[in-house]
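Residues per chain, in single letters:
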Amino acid sequence: MHTKSITELAQGLRTKEFSSVELTQHFLTRIKQHADLNAFVTVTEDIALHAAQRADARIATGTADLLTGIPMAHKDIFCTKDVKTTCGSKMLDNFIAPYNATVVEKLNAVGAVNLGKLNMDEFAMGSSNETSFYGAVKNPWNKNAVAGGSSGGSAAAVAAQLAVCVTGTDTGGSIRQPAAFCGITGIKPTYGRVSRYGMIAYASSLDQGGSMARSAEDAAILLHAMAGFDAKDSTSVDAPVPDYCADLNKPLTGLKIGLPKEFFTADLNADMTATLDAAIEEYKKLGAEVKEVSMPNLKYAIPAYYVIASAECSSNLSRFDGVRFGHRCKNPEDLTDLYTRSRGEGFGKEVKRRILMGTYALSAGYYDAYYLKAQQVRRLISDDFKNALSEVDVIFSPVTPTPAFNIGEKIANPIEMYLADIYTIAINLAGLPAMSIPAGFINGLPVGLQVIGNYFTEAQLLNIAHAYQQVTDWHKQTPSL
Amino acid sequence: MNTKWEAVIGLEIHAQLSTKSKIFSGAATAYGAEPNTQACVISLGMPGVLPVLNEDAVRKAVIFGTAIEAEIAPYSVFARKNYFYPDLPKGYQISQFELPIVGKGFLDIEVDGETKRVGVTRAHLEEDAGKSLHENFHGSTGIDLNRAGTPLLEIVSEPDMRSAKEAVAYMRKLHDLVRYLEICDGNMQEGSFRCDANVSVRPKGQAEFGTRAEIKNINSFKFVEKAINHEIERQIELIEEGGTVVQETRLYDSVKDETRSMRSKEEANDYRYFPDPDLLPVFISEELKTEIRATLPELPEAKKARFKTDYKLNDESATILTSSRDLANYFENVVKISGCDSVLCANWITGDLSAALNRADLEIIASPINEERFAGLVARIADDTISGKIAKQVFEFLWNGSESADEIIEAKGLKQITDTGAIEAIIDTILAANEKQVEQYRGGNEKMFGFFVGQVMKAMQGKGNPAEINKILKAKLA
């Protein structure tokens, strides 16, 4: 049952080949069997089985949605009412959310079955899932390798078929990079497409929720259920959500693909180049044209990102002060002691590092030189994409410089870790939609292809991914666990 | 004040906007609810929550800006002011920094008969914090977040005021204005209208400002005057003794009538302002500005002119009665309910009622005599049921009790005697008993007339109709 697509499962539920309760039990068993991957922080067995029962009843009445009764899971950054919501941090190890995120509400409304909460880098700050208070997630393809981050639990759960599809969030590559490392399909939509209400903020102007699944089709179905305007999020965009499945089979004839020369350089690892070249050849066979584009300001993306994201996080994480919720130190002597020890004990190293960087960047006398300058760079980067996307329909690039690295390999060197996000970060600065599609393997580890589109072209990106998945089977490969 | 020195004062006023819900959430804003019963997940700053701007708060800010003839920014931005405090749930306050919604405007104040223009630098929207409760928690501190997220308009003046008196006049004028505009209830006890004062002194004639101290959170007109005067004296004394004023924040202690240092400039927070990425910039359309201009309520100046024409009031009465919308409404209601001469109504309101309110330090909305009861009093004066003198007694009963004027007059037997027969009989008795004085009067001592009036009134316990007494006395003595 765990190898089937959402459409196949929905069919099976309707023909009573199996019930949602059976399907849910099957996945709950798999989660237990593969607990060593550390993909889940919390498994909500009872809630899932109740939801499955309701789903079976709803399917029987003939009013079900495609996702009704489908076992899925949420990244532990989305608030789930009456369920522990940790954001991967000791700070929230005791936090039971009093409300549902809009994304969670929407999926509950269509009758999706929530299996639990997925492991992640602490407060989504990390690229390897090693900053999680609950420990690193193991890559299902090689348990010594990282699953990527910050949505590492999400990617590993899908790759190991512990859930049919999952939610993720992406601030600088947190959906696309782990999707690439684990060989699954992930989409980060346009900023404002998915409500951020109830999604614990890391960097508000960059954070965006998205879907992760084995195929573009499944990712499209889940994204459709997540997306849409939300009056509770002022930055969500009031535009109708198209049927992302409607265009999946459109021919790609005449599609113009841009390859940024700044990304395809001699520095890129030879195996990676070869893998991506092969994918591009496949697209040419499907009728696409390829053209070189230039985006001269991409080189500033990493510093600009770390100034803006850190600045926003330094403010967003101020609410974790030990006063109203979350970790509180024992026997505080006074207010300052309460703050310093609660935060000192509750936050991990990487989170503290970014809070410090952000506090510095916003301080009087440094604001203009750092924050303001970074915002100007952000504009230049957006303009680069705008120019490039006026010449071509979509931009292709690597997702990562290399396949998944080993657990422990980079964690001691934050700069090296940051630099590995070179291909994904600029897209968040511009607010554009982008996908990671499985495109091959290097030494048994999956490699992703990144497809970047213009604002609100999610349907087109999913079409481009789906077309490729009709002529390749990279996305169908499964790790031997 | 020492004549060698001149004070320079600027005020920052926080007016709580009277919206039904909070500035960034749907939680209610009503005062006095049980702690934390009006704190939704947004007020509590729960992880993942987001602010959504209350359009009514924006509208009220634009109304204010229009009334002070200020520029309304076509584009304004919310910024985060970052600092840690237990009753500040998010660890930052959403405020406006570089691009406030209301730009430069002005208010004209009157002090000692002279009109002075005070500049308003800006007014911006922001959310209020919660409250820390230090009592009844056995050494711990309680946090009440009902107030967190209540919309405030912070109105910053230019340093244009030169005395505590001017500062109070400005504050009163602003207080009147926000209530006229119905954007703030002005309730100072509940903290709906609060003031921070920036005070410095300089030798008269010097162009540069001295170093200023900021006095925080003063919540009555009386205290503003006292706190500023105290601070001016403190600074002058300090300088004259060879010291220097340091830039700092000071707290006014109304019990000890003194200000004391809260924190110095060095200890001041670096608020790390930056645009709030959760909120979009606010765009104010020309249509909204035009609509608000067209529907602006009658402002004090216009109301005063109307009172002079429609109610035949003199300038002094019209000024006093339009000094607050509540007082103006009170007056108009008394005229309407009583159906009496408007000047008579005005005289009694600006006279005895205002004096009593002043003595009790009460605003007109808190007057123990409502419009209906006051109208009852004026009506009995107008129809000669009671004399002006007796009316003062009735007023005292009205002030201290709950009966109507008619009930008081009836119960205390204060009805004026206009029966000429009764008055004549008393006059006859008085004249018979004072033959010597009658002779003196008839001999040319006209001052004696007052003596007879006094005697008659005394005999009638003040209830005789003075006009009738005069008439009959004149006839009898002729």
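None of the values given here were measured: they were computed from a predicted structure.

### What to know about the overall build of chain A
Broken down by element type, chain A carries 15 helices and 13 strands. Taking 481 residues into account, the globule formula puts the C-alpha radius of gyration at 23 Å, and chain A, at 21 Å, falls close to it. If one aligns the C-alpha atoms of chain A with their principal axes, the spans along those axes are about 65 × 55 × 45 Å. Of all 481 residues assigned to chain A, the portion counted as buried reaches 61%. Looking at chain A alone, contacts between residues at least 24 apart form 76% of all its contacts between residues at least 6 apart.

### Digging into the overall build of chain B
Each helix and strand in chain B was counted, giving 15 helices and 15 strands. Its C-alpha atoms give chain B a radius of gyration of 29 Å, clearly above 23 Å, the size a compact globule of 478 residues would have. Taken along its principal axes, the extent of the C-alpha atoms in chain B is 95 × 55 × 55 Å. Going through the 478 residues of chain B one by one, you find that 40% of them count as buried.

### Re the interface of chain A and chain B
As a measure of interface size, the accessible area lost when the parts come together is often cited. Taken together, the contacts link 34 residues of chain A with 25 residues of chain B. Top contributing element to the side of chain A that touches chain B by residue count: helix H9 (residues 301-316) of chain A, with three residues. When grouped by side-chain class, the residues that make up the side of chain A that touches chain B number 18 nonpolar, nine polar and seven charged.

### Focus on the pairing of strand E11 (residues 394-398) of chain A
All names here are of chain A. The buried count for E11 comes to five of five residues, which makes it a mostly enclosed element. Relative to E11, strand E9 (residues 256-260) runs parallel, the two sharing two bridges. Counterpart to Ile257 in the pairing with E11 is Val394. Where E11 lies against strand E13 (residues 445-452), four bridges are found, and the strand directions are antiparallel. When the bridges of E13 are listed, Phe396 appears paired with Val451.

### Quick notes on the sheet that holds strand E8 (residues 208-213) of chain A
All names here are of chain A. Pairing within the open sheet is mixed, and its eleven strands lie in the order E1-E3-E2-E6-E8-E7-E12-E13-E11-E9-E10. Unpaired on one side and paired on the other, strand E1 (40-43) and strand E10 (289-293) mark the two borders of the sheet. Geometrically, the sheet is characterised by an average inter-axis angle of 30 degrees between neighbouring strands, direction not taken into account. Relative to the sheet, helix H3 (residues 45-61) contacts E1, strand E2 (71-75) and strand E3 (113-118), its axis offset from that of E3 by approximately 155 degrees.

### Focus: helix H12 (residues 420-433) of chain B
Residues and elements named next belong to chain B. The terminal C-alpha atoms of H12 lie 20 Å apart, and with 14 residues this matches the ideal 20 Å at 1.5 Å per residue to within 8%. Along H12, the residues classified as buried are Ile423, Ile427 and Ile430. Angularly, the buried residues of H12 cover 65 degrees about the axis, an arc narrow enough to put them on a single face. Opposite the buried face of H12, by more than 90 degrees, sit the exposed residues Gly421, Ala425, Asp428, Ala432 and Ala433.

### Some thoughts on the packing of helix H1 (residues 55-67) of chain B against helix H4 (residues 286-295) of chain B
Residue and element names in this part refer to chain B. Running from amino to carboxyl end, H1 crosses H4 at an angle of 65 degrees, the nearest separation of the two axes being 10 Å. Compared by their axis directions, H1 and H4 come out roughly perpendicular. Judged by the twist between their axes, the crossing of H1 over H4 is right-handed. For the pair formed by H1 and H4, the contact residues are Val62, Ile63 and Thr66 on the first element and Leu288, Lys289, Ile292 and Arg293 on the second.

### Some remarks on the nonpolar core
Counting 240 residues, the largest nonpolar core has Ala163 and Val451 of chain A together with Phe64, Ala167 and Ala197 of chain B as its most contacted members. Those residues in contact with Ala163 of chain A that lie beyond four places of it in its chain are Phe27, Pro71, Met72, Ala73, Leu115, Ala157 and Val158 of chain A. Counting residues in each nonpolar core, the second largest holds 31 residues, with Ala328, Trp348, Leu377 and Ile408 of chain B among its members.

### Some thoughts on the sheet that holds strand E9 (residues 151-157) of chain B
Residue and element names in this part refer to chain B. On the basis of which strands lie adjacent, the open sheet formed by eight strands has the order E5-E6-E9-E1-E10-E11-E12-E13 and mixed pairing. The sheet terminates laterally at strand E5 (105-111) and strand E13 (258-264), the two strands that pair on one side only. When strand polarity is set aside, the average angle formed by the axes of neighbouring strands in this sheet is 30 degrees. In this structure, strand E10 (residues 193-203) lies alongside strand E11 (residues 213-218), joined through four bridges in antiparallel fashion. Note that in E11 the partner of Val199 across the bridge is Ala213. On the sheet, H1 packs against E5, strand E6 (114-127) and E9 and is oriented at approximately 165 degrees with respect to E6.

### Remarks on helix H4 (residues 102-109) of chain A
Residues spaced three or four apart along an α-helix point in a common direction, a consequence of the helix completing one turn every 3.6 residues. All names here are of chain A. When we look at burial in H4, the residues that qualify are Thr102, Val103, Val104 and Leu107. Contacts made by the buried residues of H4 are with E2, strand E6 (165-170), E8 and helix H7 (216-226). Backbone geometry just after H4 places Gly111 at a positive phi near 90 degrees.

### What about unusual backbone geometry?
Residue and element names in this part refer to chain A. Cis geometry is adopted by the peptide bond preceding Ser150, which originates at Gly149 and carries an omega value of 10 degrees. Position of Ser150 among the secondary structure elements: in the loop between strand E5 (142-146) and helix H5 (152-159). The backbone of Phe123 sits at a positive phi, close to 50 degrees, despite the residue not being glycine. Tracing the sequence through the fold places Phe123 in the loop between E3 and strand E4 (138-139). Looking at Phe123, the number of C-beta atoms within 10 Å reads 32, which means it is buried.

### Regarding the packing of helix H14 (residues 448-459) of chain B against helix H15 (residues 466-477) of chain B
Residues and elements named next belong to chain B. Running from N to C, H14 and H15 cross one another at 125 degrees; their axes reach a closest spacing of 11 Å. Comparing the axis directions of H14 and H15 gives the class oblique. As H14 packs across H15, the resulting crossing turns out to be right-handed. Across the interface between the two elements, Phe449, Phe452, Val453 and Val456 of H14 pack against Ile469, Asn470 and Leu473 of H15. Of the residues that constitute the contact of H14 with H15, the class distribution is six nonpolar, one polar and no charged.

### Thoughts on the pairing of strand E1 (residues 5-16) of chain B
All names here are of chain B. Strand direction decides the pairing type here: E1 and E10, joined by eleven bridges, are antiparallel. Considered in E10, the bridge of Leu11 is made with Ala197. Inspection of the sheet shows E1 paired to E9 by five bridges, in the antiparallel sense. Directly across from His14, in E9, lies its bridge partner Glu154.

### Concerning the domain arrangement of chain B
Residue and element names in this part refer to chain B. When the domains of chain B are assigned, the result is domain 1 (5-289), domain 2 (298-412) and domain 3 (420-477). Taking only C-alpha atoms, the centre of domain 1 and the centre of domain 2 are 34 Å apart. Between domain 1 and domain 2, the contact holds four residues from the first and six residues from the second. When grouped by side-chain class, the residues that make up the side of domain 1 that touches domain 2 number two nonpolar, no polar and two charged.

### Regarding the confidence of the model for chain B
Within chain B, residue pLDDT values average 92, and 99% of them lie at 70 or more. Complex prediction metrics read pTM 0.88 and ipTM 0.96.

### Notes on the environment of Ser21 of chain B
Residue and element names in this part refer to chain B. For Ser21, the location among the structural elements is in the loop between E1 and H1. Sequence spacing of Ser21 and Leu11 is ten residues, and the spatial spacing of their C-alpha atoms is 27 Å. Those residues within four positions of Ser21 in sequence are excluded, and the remaining contacts are Gly26, Ala27, Ala28, Thr29 and Asn54.

Each value, and the rule that gives it
- Residues numbered from 1 in each chain as written.
- Chains lettered and ligands numbered in written order.
- Predicted model: local features only at pLDDT ≥ 70, side-chain atom pairs only at ≥ 80, totals over all residues.
- Helix = DSSP H or I, 4+ residues; strand = E, 2+ residues; numbered from the N terminus.
- Rg over C-alpha atoms; globule rule 2.2 N^0.38 Å.
- Buried ≥ 20, exposed ≤ 12 C-beta atoms within 10 Å, placed from the backbone.
- Contact = placed C-beta atoms within 7 Å.
- Nonpolar A, V, L, I, M, F, W, Y, C, P; charged D, E, K, R; others polar.
- Pairing = 2+ DSSP bridges.
- Axes fitted to C-alpha atoms, helices over the stretch in contact; angles between N-to-C directions.
- Expected span 1.5 Å × (residues − 1).
- Arc of directions from axis to C-beta.
- Parallel < 35°, antiparallel > 145°, perpendicular 65-115°, else oblique.
- Left-handed = near helix turned anticlockwise from the far one by under 90°.
- Core = buried A, V, L, I, M, F, W, Y, C linked by C-beta atoms within 7 Å.
- Domains from an automatic or database assignment.
- pLDDT = per-residue confidence, 0-100.

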